[in-house]
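# An overview of the molecular structure
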Amino acid sequence: MLRRAVCAGAVIVLFGVWSWKAGKEALSNSYLQSAFQGLDRSGAPGQRLQEEEWMRVMKNLSDSLRYSPRNPRTLEEMGAQQLRRTRVPTDSRMPMVAVRSANVNFHMALRERPTSPVAWANLALTKLYLGEQDDQLFAALRHADELGPWEFEIQQLVLFVSLAAWDKLGTDQRAAAVRTLERAAQRDAEKTVKLVGSFKRLDLLCDIKNAKLKVEEACSRLRKPTAKRSSRAR
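We now turn to the structure provided with this report. Note that the structure is predicted; figures quoted are calculated from it, not measured.

### Focus: the nonpolar core
- Membership of the largest hydrophobic core comes to 42 residues, with the highest contact counts inside it found for Leu141, Val161, Leu181, Leu205 and Leu213.
- Broken down by secondary-structure element, the contributors of at least two residues to this core are helix H4 (94-112), helix H5 (117-129), helix H6 (135-147), helix H7 (152-164), helix H8 (171-187) and helix H9 (189-198).
- Residues in contact with Leu181, not counting those within four places in the same chain, are Leu159, Thr192, Val196, Leu204, Leu205 and Ile208.
- Among the nonpolar cores identified, the runner-up in size contains 11 residues, and Leu32, Trp54, Met58 and Leu61 belong to it.

This is the structure in structure tokens:
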């Protein structure tokens with residue numbers, strides 16, 4: 001009888017602990033959903049939230065982490081919002097503080113969900129902003145590219161970081177970036193050309209067979225100096 005009572009008590013305790021944890025996770029996800037709803041009200045993707053709405057979103061994300069500090073979806077979204085906020089700085093010290101916080105959040109998210117291409121791509125972006133063009137940045141690019149090869153958001157981030165750090169990339173990683181470029185051009189040629197053009201690297205598009213790119217004229221101009229040098233060499 002005593003043994004049965006002890007076993008029953010242990011089961012009740014375990015069930016209580018499980019229910020308590022499940023309740024905290026449910027609350028965390030509820031606050032996260034409220035944050036997403038606030039973002040949806042902002043309109044177009046990438047549009048900057050009004051200050052009051054952004055504060056509500058961040059409070060919901062903070063409350064989500066209060067109930068579940070290792071919730072990977074919340075950590076990713078918190079980091080993403082911190083990065084977006086740096087685009088319009090109001091204090092010269094704040095952007096780097098936000099970037100460092102985002103970097104920490106993406107690291108924590110990846111401990112819980114190491115297969116997230118979004119977290120890997122954004123981690124690479126924070127490393128770039130922090131001026132840390134090192135092996136960790138290059139590894140983050142590889143993981144993002146491997147885990148989200150056909151996600152346009154990932155393609156854009158991988159290309160942006162790769163082009164910004166082009167001089168530091170090895171031969172294999174440059175080749176991987178060009179392959180990502182080809183896939184991105186299939187998804188959205190106009191945005192891809194705009195991104196590559198912002199780095200003045202339209203030459204990377206010249207050998208890609210994609211009629212939607214419309215870079216023939218630019219590539220023709222780029223090839224002329226090469227042709228002239230070859231002619232003079234003869």
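Following the structure, the description resumes.
### Focus on the pattern of salt bridges
- Under the counting rule described, the total for this entry stands at 12 salt bridges.
- Its salt-bridge partner being Arg56, residue Glu52 comes within 3.2 Å of it at the nearest N-O pair. With Glu52 and Arg56 both in helix H2 (residues 51-67), this residue pair falls 4 residues apart, about one helical turn.
- According to the relative accessible area criterion, Glu52 is exposed, its value standing at 59%.
- Measuring nitrogen to oxygen at the nearest pair gives 2.9 Å for the salt bridge that ties Lys59 to Asp63.

### Here we look at the state of the cysteines
- The tally for this structure, following the rule as stated, stands at 1 disulfide.
- Disulfide partner of Cys206: Cys219, at an S-S distance of 2.1 Å. One disulfide, between Cys206 and Cys219, carries an S-S torsion of -100 degrees and so falls in the left-handed class. Remark: Cys219 occurs in helix H10 (residues 216-233) and Cys206 occurs in the loop between H9 and H10; sequence separation between them is 13 residues.
- Judged by relative accessible area, which is 17%, Cys206 ranks as buried.
- Overall, the relative accessible area of 3% leaves Cys219 in the buried class.

The rules behind the values
Residues numbered from 1 in each chain as written. Predicted model: local features only at pLDDT ≥ 70, side-chain atom pairs only at ≥ 80, totals over all residues. Heavy atoms only, no water. Core = buried A, V, L, I, M, F, W, Y, C linked by side-chain atoms within 4.5 Å. Buried < 20%, exposed > 50% of the residue type's maximum accessible area, 1.4 Å probe, protein only. Helix = DSSP H or I, 4+ residues; strand = E, 2+ residues; numbered from the N terminus. Contact = heavy atoms within 4.5 Å. Salt bridge = Lys/Arg side-chain N within 4 Å of Asp/Glu carboxyl O. Disulfide = S-S within 2.5 Å.

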